[in-house]
Structures are given as structure tokens and as C-alpha cells.
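Structural characterization, general
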Amino acid sequence: MKKTLCLSFLAFLLVPLPAGAASKDNLMQDVFVLDTITVTDENKREELHGSSAVVVENNRSNTIADFLVRDPEVSFKRRSAFGDSNDIISIRGMDSKRIMLNLDGRNIGSTGSVGGSYMDFGTIPLDNIERIEILKGGSSVEYGNAALGGVINAFSRRPKEDPYLSFYATMGGWGDVYDFHNVRGTYSQKFNAVGVSLGLSQQHADPFLRNNYYNAFHFNPKVYLDLPWRGELIFGYNYSQTERGLIRSNRADGVPNNDANPNLPGYNTKIDSDYPLASGETFSGGTPTPAMTVIGDDAHWTKYRHMMDITYRQEFLDTGFFETMVFKNYESRREKNYADNAARALLPGGPNGMKYNSSLTPEGSLVLDRNLVMDQSYGYKFKTGIEVLGNALLTGIEYKQVKPGAISVEYVDRNYNKAGPNQWTGNMASSEATSPADVFGIFFADKFTAFDVLTFDFGLRYDSYSHSSDEVSKRFFEDKVSPKFMLTYDFTENQSASVAVYQNFRTPTGPELLHAAQAASSVVPYLKDKYIKPETARGIDLAYKYAFSNSGFVKLTGFYYNIEDYIMQKSVPIPNSTSSIQGVYNMDAEIYGATLSAGYAPIDCLMLRAAVTRQDSKKHNDPADPNNILEKLDYIPDWKAVASAEWKINDQWTLDTSLTYVGERNYYVSTVTPQKDTLHPYTTLGASLRYRVDEHLTLEAYADNITNTQYEESWGYPALGFNAGVSLKWEL
């Protein structure tokens, strides 16, 4: 505690980085500007010099994640086309738990409880979003804890004196033209000292996979208040409500609760011919009860999320500022399941030969009604910066209490929720909120340029993490000091290179702590009394960029991450049993790769882009796999390549085409013994044709996966084949 207080005092003593200070271009960062339809050819040519890319809303863009598909260093692991809130995205092989998502400077990752704590893009659609910044790797000193793989910063449109009003609507599908729709609007305007900004959206998708329908509503108002002496006060509120049908197994293999064995008869036979072959999902369990594994028609959850924040920013002198933000999250999820007697009867009985009695549970009746409070976290962040004597100085403090809530089981059918001799569940019980965790960080950075060509960026960050586990009566405390250094050399006006060397620190999520505590008290020898440790990552990022005069650029990047105590979560076998448990434990891992990208405008009306990434990984000291059968991390593609062309046919018509190749991905088969398999490579082709009616209105028709390629991003869950739609965007 004394160490924390001393470091806090030191941070305040440091001389207080305004945006834009020092080097002109951050080679470790990509920026997507969601510009209006009035983008000029000059803007298009200018973006070839910097790290920004001007993009427009097209295709079936619903969330921030949809703008990252063309990035070769970003890979996806989606189980469903709409509303998948699982661990769906990775940057350079680092999954969602290792990526920070921020909205207007505040972290919006949820704490999580039963079912995970991943980045739910569905709760942050594109309402009123103006710019998205992607910072890859962990070179920035400002972001800690969950930022090993990078940071995604989204920024709302700031109000100006002239009103801004927009309306966007798209609809389309894979079978019918109305399989899905997305409608959203934005408004912003400044009235003297008061500014308002508002985003509103509604989305719907019919089930592509069995029972997997999706509905979402989002509301995002912000109020900006100018204060004397260049101060500003911002009040933000973000509300989302999402309803998602859980995917029902569509495999007639006789095992509706586990589709892990492709050798079973009926594995490739459909139950319902209206939907593709796909594995199913379950309602997650937790202390003290396992999952409810057999779901019926209309099984779903509805998530409610409230995010509130207040920010005060004050500028001083000519180049200084300080900013304070406080925030509060509240997220809950209501889960409901309904009986499918035919599927439930396929499972073995409970203890002592007890059989499932379908007469006690009417077909389609409610068998689970559960409310989970996922997130009650709160915290603050203070930072201050100034440019003085050629140095851009930044320092700050942040604190977050990671606080999940209680689980309340309103109803459970005990006849329905039981399985075989080694899988007796009996009852899903309510539970009190688990203990919160405290995350604290201090950072300091100095950025300056020497000889007009060398830019030095030094940083130091201290992170601490403490948590008291009710399950094991043990208090965890870990802290780490992480140094960071980046050097950028501008060879010429059009040519520069950067190297960044740094350390990062990641603490366990709530679900990881929960499952780790359960595993530590289990009968699995290599997990017994093994309590989870935070991750320490050491990385190096390299980048080189050459910009051709008004015509294009070439950029080469490389990265290497060595992660000590990498937290692995997967099913592990119980000795002398056919069952398994959800194991969470530490091992070591390496991730490395390189990317070559280029853009070229041979003529004013044509822009060409291409990029290719080669990456790989290794894992070491895996206690669940001592023979190293699974020598790599899962779902990291060996190759990913993208190519696109935008042709402005005339002032009204624009044709945009894209080609994406994703290579082989290893994955872990969910079996009792270690086993791996490979998802095959795939290539998809997409195109859109936009027509600009006037300065306010644009129409578009698009088609994705034109070749109707059959592929999977996540094992057992087919992705969309050919799909098409139309959209309209109006702006004032």
C-alpha cells in the first residue's frame, strides 16, 4: 500500500501531451474516419500519406467490428453473423480479453460473470461514431491491464454550431431481402455554450442458424457544456438492449448437448432442413452448478447495459490540459430456456438410474429463468499533459473496481436439468455477488524530437491488481512496473521507420478467476491448488513506411510477443473419468508475424489497396498437454490477405470491390484427451455500387461472398454464404 501511495504522489509531482504533439505520424496506429459522402478526391490522395483511411458506411455494417474485416492483422472467430458476444476478434493473435475497447476515452469492456467477459461489439454500434483508431501492440503507456494486443478507440461526433443530422438504413439477407435490417440516426448541434449529440439505432436479424435470431436497440446521448477559462464538462450515457437466441444444435447425432465428435452417426445429418448444419450453445453454469446443456425453441438471453460517465477537461497556458473522468457501468442479462422433450430424452438419466420423465415437463414449457448482474464496475481516470521545451509530457492515474453482481435463479425445472452419472446438476442455484477486484495504474510519458528527424517516446507504467477469492479464502495481489520505449526516424519527408520495445501486464477476468478457483479445488492433479497468475508480456513492434508523391505508399510491419503466465481456458479431462471440467491455468506463449501493405492511385478516380500478414505462435509448459500435441494457440490464421479497389466511375457512381483470403487455423477439439484439427482456408469476394443522388443522399447495393464460399470462422458454426442488400444514407 505504501508503494502505491508513493507512486500516486510521484505522478502528481511530475510536470504535466496535447494531441498532435511531436511526430507527425504514428506508424503503430491505424485510423478509420467514418466520413460523410462529401469526401473529395484530395482527401483520398492525402490519406495515402498518413495512417488514416477515409471510409463510408457500406454493406451490412452494424458495429465497430465490421470496419476491421479488411485489416489483415485482425482475425475473427464468430459463431453467428449477428450479435455474437463471445470472444470473436483478435489483433495479431491476441484475443478480446487482451484488447481494450474505449468510447470517447473511457473503457467499455464489461466485467463479466457466468458466460464470459469478452468485448461485446453489439452494445456499441456505429451510432454517431465519427472516428475509430486502432493501436496495435502495447507500445502506448496510457493503456494498461487489458491492452496487451492493442486498443480500439471509438470517438463520437462532437457538436458544432451548424446542425448535423443523418439517417442510415440497410436491409438484405441470404434467403429473403428482409432477413435483416439496421436503422440508425444521429443528431448533433451546439447552442452557444451547450452542445448535444445523440445516436439511436434498431437492428433485427432472422435466424441464419437454428434459433439464432437477434434484436438490438441502442441510445447514446451526450451533453457538452463550455465552462470559463477554456474548460469543458461532458455528460455521457450509453444504453443498449440486445436479445439473442442461442444457437440450437442442428446435428442428428443423438447428443444435443455436445457436438464434439464428428464420427458419430448423424453428425452430418440435419435435424431441421431450413437451417445449415451447426453445433449448438448452452446456458453457462457457475458456482455451484454446471451448465444447462439442452436448449429448446426460443431459448434466449436479453442483455441490458447502462454506461454513465462525466468528464471535466481544462486547458491551461497554450499547450497544457488536464482531464478527469468518472464512470459507472451496470449490465444485467435475463436468460430463459424452454423444453425440448425429444432432445432431452436423448441424454442418460441422473444418479441411481433416474430417467428423465417427460410427463413432468410439458413440451415448450419454461425450464430456466435466470437473472445475472454481469457488471457493476466503476472507476476514474485523471491525466494531464503539457508541451514544454520541445517535450510532450503526459502523466495520469486510473482506478477501476471490477465488480460482478449476483445471480438470481427465478425458476428452474429440476426434472429437466439433470444428466448422467457423472453429470448430475439437479438445480441451478442463485448466488451472491463474488468479491470485486481492484485495478490501479499510474503512467508517465515523454515524447520529444531531436535533430528534426529522430522522435523518442519514453514511458513508464505501474499496475497493481488485488482480489479476495471467497471460494478459496485467498487474497491475490500482484503489481508490475512496465517500461516502454519507441524510436521513430524520419529518413525523408516521405519515408520513416519506428521500433517499439515494451512490457505489458494483464490481470485475470472475473470468469477466469471463477473457473480457476473451481479447477484449483478439483480432482485434476495438475490444477490442484494451482492459483491463477497475471500475464506479463514483452513485445517488440517494427514499422517502415514509404509514401510516393500523391500516388501511394508501401508499409512493412513486424511484431513479436513473449507472454509469461499466459492464461489458458479450455475443457480438461478428469482422471479416470469420461467427463471434463472448465480449466483455467497458466502456461507460456509466443506470437509473432509480419505484414506488408500498400496503396496506389494510378489515376485520380481509382484507388487500389492490398495487404498480407503472415503470423504464427508457440505455446510452452502447458500442464494439460505435456506432450505438446497442441503446439500453437488456436484460431490464429497462418496467412491473411486482403485486396480492394475503389473506382469512382463519375460524380454519381462509385464501385467498391474487395477480395479476402484467410489461411489455415488450428483449433482445439473439445474432447477428453488433447486433440487438434484445422479449419480450411477460404476466399471471399464482395462488391458494392454506390449512387450519389445529391449532396445529401446516397444509395447503395451490395453483395458479400459472391462466390458463395462455404467456410467456418469458428469450428462447427458455418458462416454466411452469398448475401446481398441495399442501403440508404441521408445527411444534412
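Residues numbered from 1 in each chain as written. Predicted model: local features only at pLDDT ≥ 70, side-chain atom pairs only at ≥ 80, totals over all residues. Heavy atoms only, no water.

As a further point, take the nonpolar core. Core analysis: the biggest nonpolar cluster contains 33 residues, and Y561, I563, I591 and L633 have the highest contact counts within it. The set of elements that each furnish at least two residues to this core consists of strand 24 (495-506), strand 25 (535-548), strand 26 (552-573) and strand 27 (580-603). The greatest single-element share of this core, amounting to six residues, is contributed by strand 26. The residues touching Y561, leaving out its near neighbours within four places in the chain, are R92, M94, G137, Y502, R538, G539, D541, A589, E590 and I591. By size, the runner-up hydrophobic cluster in this structure holds 22 residues, among which are L68, L126, A154 and M307. (Core = buried A, V, L, I, M, F, W, Y, C linked by side-chain atoms within 4.5 Å. Buried < 20%, exposed > 50% of the residue type's maximum accessible area, 1.4 Å probe, protein only. Helix = DSSP H or I, 4+ residues; strand = E, 2+ residues; numbered from the N terminus. Contact = heavy atoms within 4.5 Å.)

A complete count under the given rule lists 38 salt bridges for this structure. Two residues, R98 and E535, come together in a salt bridge whose shortest N-O distance is 2.5 Å. A residue pair is termed long-range when its members are at least 10 positions apart, and R98 in the loop between strand 5 (94-95) and strand 6 (99-103) and E535 in strand 25 qualify at 437 residues. Assessed through its relative accessible area of 1%, R98 is described here as buried. The partner of R244 in a salt bridge is E281, and the shortest N-O contact between them spans 3.2 Å. Within this pair, whereas R244 is found in strand 14 (residues 231-245), its partner E281 is found in the loop between strand 14 and strand 15 (300-316), the two being separated by 37 residues in sequence. In this structure E281 comes out as buried when scored by relative accessible area, which is 6%. Overlapping salt bridges bring together D71, E73, R92, K136 and D541 as one network. (Salt bridge = Lys/Arg side-chain N within 4 Å of Asp/Glu carboxyl O.)

Moving on, we get to the sheet that holds strand 5. Overall, antiparallel pairing links the three strands, which are arranged 3-4-5 in an open sheet. Strands at the two margins of the open sheet, each flanked by one partner only, are strand 3 (74-76) and strand 5. (Pairing = 2+ DSSP bridges.)

Along the chain, S571 falls in strand 26. With relative accessibility at 29%, the residue S571 sits in the partly exposed group. For the pair S571 and G583, spaced 12 residues apart in the sequence, the C-alpha separation amounts to 5.6 Å.

With phi around 55 degrees, N192 is a residue other than glycine that occupies positive phi space. Here N192 lies in the loop between strand 11 (180-191) and strand 12 (194-205). Of the residues examined, N192 reaches a relative accessible area of 79% and is grouped as exposed.

Take K530: it is sitting in the loop between helix 4 (510-520) and strand 25. Take K530: its relative accessible area is 51%, and that puts it in the exposed class. Between the C-alpha atom of K530 and that of A520, which follows or precedes it by 10 residues, the distance is 5.3 Å.

Take the side chain of Q401 next. Following the sequence through the fold, Q401 ends up in strand 19 (residues 391-402). A polar contact is formed between the side chain of Q401 and the side chain of D438, at a distance of 3.4 Å. With residues near it in sequence (within four places) discarded, Q401 still touches S377, Y378, P436, A437 and D438. (Polar contact = N/O pair within 3.5 Å; in protein donor to acceptor, adjacent residues only side chain to side chain.)

On the surface, a nonpolar cluster with roughly 440 Å² of combined accessible area is contributed by V194, V223, F235, I310, V326 and Y380. Mapped onto the secondary structure, Y380 falls in strand 18 (residues 378-388). Y380 gets classed as partly exposed once you look at its relative accessible area, which sits at 33%. (Patch = residues over 30% accessible without salt bridge, like charges linked within 9 Å, V, L, I, M, F, W, Y side chains within 5 Å. Areas by Shrake-Rupley, 256 points an atom, 1.4 Å probe, with all protein chains shown as cover.)

Given two aromatic rings, their pairing is described by the distance between the two centres and the angle made by the two planes. Scanning the entire structure with this criterion turns up 21 aromatic pairs. Here the aromatic rings of F316 and F322 are separated by 6.5 Å at their centres, their planes lie at 35 degrees, and the arrangement is tilted. Relative accessible area serves as the criterion here: at 27%, F322 is assigned to the partly exposed category. Seen from their ring centres, Y635 and Y667 are 6.1 Å apart, and the 25 degrees between their planes marks the pair as stacked. (Phe/Tyr/Trp six-rings, centres within 6.5 Å; stacked < 30°, edge-to-face > 60°.)

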